[in-house]
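Overview (structure and organization)
Below, each chain spelled out in residue letters.
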Amino acid sequence: MQTRPFRSALYIPGSKPRALDKARSLPVDVILFDLEDAVAPDAKVEARSTLADALAQGGYGPRLKIVRMNGLDTEWGADDAAAIANMDCDAILLPKVNSTADLDALAGLVPDLPIWAMMETPQGILNAASIAAHPRMAGFVLGTNDLAKDLNARGRGAMITSLQLCVLAAKAAGIVVLDGVYNAFKDDEGLQAECAQGRDMGFDGKTLIHPAQVAITNAAFGPSAEDIDLARRQIAAFDAAAAEGQGVAVVDGRIVENLHIVTARATLAKADAITALETS
């Protein structure tokens, strides 16, 4: 299970120095530096150097730094890949991944960085298992806006199968999977509901379009005080039962077996990792 927190992943335009600077102080777990949708066509070339300079200056602390490039089928893609290969970042994010052939093409241009995939096309969703199993693959990011457009889907409910297929593929391959964005950034109640749904489906975190969404998302995808307390009590009860030669314990009227202890220890490890990230 993942212990490093991936609760919140905020898109930051690579072309805007002020936004790049503000990102240094935001309490997010992941920064998605964007050279694709958030950058106008006439600003894409300059955005590469703007972003490279910001990353070289540093100051982003322990946040995971991922750069989203333009697709290799665009006029900017190949040059983006070459530039990102030399940036001070942790991974490269490829949009509209349809198959492992797309990953092979990028891997040949960027030999060292882990690759993340935008899962946002019907073909990509149907190939999720093979994409997740690619040797360079480190994480999925759901592109729910593009996916809804291609599916002609109205509402998140129409995409549940696609979301679940990506979660299944990611968990089977042991990679990170991040939920798509919530567009109504002033709707706190709606964001809370979608975060809760994504968390309960198994997503590791959620992508965001506005800093105002960070606190709600971090709270939803991080263990609560109740989760931490339950994990500690489960471990203590199981250890006590094991000392008496028993294979199970009972906590709050529920059976606790070894599999629950694995989850409990992961919860505590994640809580410790969040504390370390927030205090670094």
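Refer to the structure above for everything that follows.
Report follows, based on the coordinates. Because the structure is a prediction, the values reported are computed rather than measured. (Residues numbered from 1 in each chain as written. Predicted model: local features only at pLDDT ≥ 70, side-chain atom pairs only at ≥ 80, totals over all residues. Heavy atoms only, no water.)

Quick look at the overall build of the protein chain
Inclusion rule: Secondary structure follows DSSP: runs of H or I at least 4 residues long count as helices, runs of E at least 2 residues long count as strands, and numbering of each begins at the N terminus. Using C-alpha atoms as the atom set, the radius of gyration is obtained and then compared with a globule rule of 2.2 Å times the number of residues to the power 0.38. The cut-offs for exposure are 20% and 50% of the maximum accessible area for each residue type, with area from a 1.4 Å probe on protein chains only; residues under the lower value are buried, those over the upper are exposed, and the others partly exposed. The contact rule is simple, with two residues in contact once any of their heavy atoms fall within 4.5 Å. All accessibility values rest on the Shrake-Rupley procedure with a 1.4 Å probe; residue burial counts only the protein chains present in the view. A positive count includes Lys and Arg, and a negative count includes Asp and Glu. His and the chain ends are not counted in either. A charged residue contributes its charge at one atom only: NZ of Lys, CZ of Arg, CG of Asp or CD of Glu.
Secondary structure assignment for the protein chain yields twelve helices and ten strands. A compact globule built from 280 residues would reach a C-alpha radius of gyration of about 19 Å, and the protein chain, at 20 Å, matches this within 12%. Across its three principal directions, the C-alpha atoms of the protein chain cover 70 × 40 × 40 Å. A buried classification covers 50% of the 280 residues belonging to the protein chain. Within the protein chain, counting contacts between residues at least 6 apart in sequence, those at least 24 apart form 65% of the total. Summed over all atoms, the accessible surface of the protein chain reaches about 13000 Å², with 52% contributed by carbon and sulfur. With 25 positive and 36 negative side-chain charges, the protein chain shows a separation of 3 Å between the mean positions of the two kinds.

Comments concerning the nonpolar core
Across soluble globular proteins, nonpolar side chains have a tendency to be buried as a group. Our working rule: The definition of a nonpolar core used throughout is a set of buried Ala, Val, Leu, Ile, Met, Phe, Trp, Tyr and Cys residues joined through side-chain atoms within 4.5 Å.
In terms of nonpolar packing, the biggest core is built from 59 residues, with Phe 33, Val 67, Ile 84, Met 119 and Phe 140 touching the most fellow members. Per-element accounting of this core gives the leading share, five residues, to helix H8 (residues 160–173). In terms of nonpolar packing, the next biggest core, distinct from the first, is built from 15 residues, Ala 9, Trp 116, Met 118 and Val 176 among them.

So, the pairing of strand S3 (residues 64–68)
Keep this limit in mind: Think of it like this: strands point away, you trace from the first strand over the helix to the second, and a clockwise trace means the crossover is right-handed. By definition, two strands form a pair when at least two bridges between them are found by DSSP.
Among the five residues of S3, five are classified as buried, and the element is accordingly described as predominantly covered. Here S3 shows no split at all, with Leu 64, Ile 66 and Arg 68 on one side and Lys 65 and Val 67 on the other all buried. Crossover handedness for the path strand S2 (residues 30–34) to helix H2 (residues 44–57) to S3: right-handed. Looking at chain direction, S3 and strand S4 (residues 91–94) are connected through three bridges and run parallel. In the strand pairing of S4, Ile 66 is matched with Ala 91. The β-α-β motif built from S3, the intervening helix H3 (residues 77–84) and the parallel element S4 has right-handed crossover chirality.

Some points on the packing of aromatic side chains
Inclusion rule: Only Phe, Tyr and Trp rings are paired, with Trp represented by its six-membered ring, and only when their centres lie within 6.5 Å; those with planes under 30 degrees apart are stacked, over 60 edge-to-face, the remainder tilted.
Following the criterion strictly, the structure yields two aromatic pairs and no others. The interplanar angle of 45° and the centroid separation of 6.2 Å between the aromatic rings of Phe 6 and Trp 116 together place this pair among those described as tilted. A residue pair is termed long-range when its members are at least 10 positions apart, and Phe 6 in the segment before strand S1 (8–13) and Trp 116 in strand S5 (residues 115–119) qualify at 110 residues. When its relative accessible area of 3% is taken as the criterion, Trp 116 is described as buried. On the numbers, 5.2 Å between centres and 80° between planes, the contact of Phe 33 with Tyr 60 is edge-to-face. With Phe 33 in strand S2 and Tyr 60 in the loop between H2 and S3, the pair connects residues that are 27 residues apart, well separated along the chain.

What about the side chain of His 134?
To keep it simple, the criterion reads: Contacts described as polar in this section are N or O atom pairs within 3.5 Å, which, within protein, must combine one atom able to donate a hydrogen with one able to accept it, while residues neighboring in sequence count only if both atoms come from side chains.
Relative to the assigned elements, His 134 resides in the loop between helix H6 (128–132) and strand S6 (137–142). One polar contact links His 134 to Asp 104, side chain to side chain, over a distance of 2.7 Å. Each residue touching His 134, except ones within four places of it in the same chain, is listed here: Thr 100, Leu 103 and Asp 104.

Notes on the environment of Thr 100
Locating Thr 100 in the fold gives a position in helix H4 (residues 100–109). For Thr 100, a relative accessible area of 26% gives the class partly exposed.

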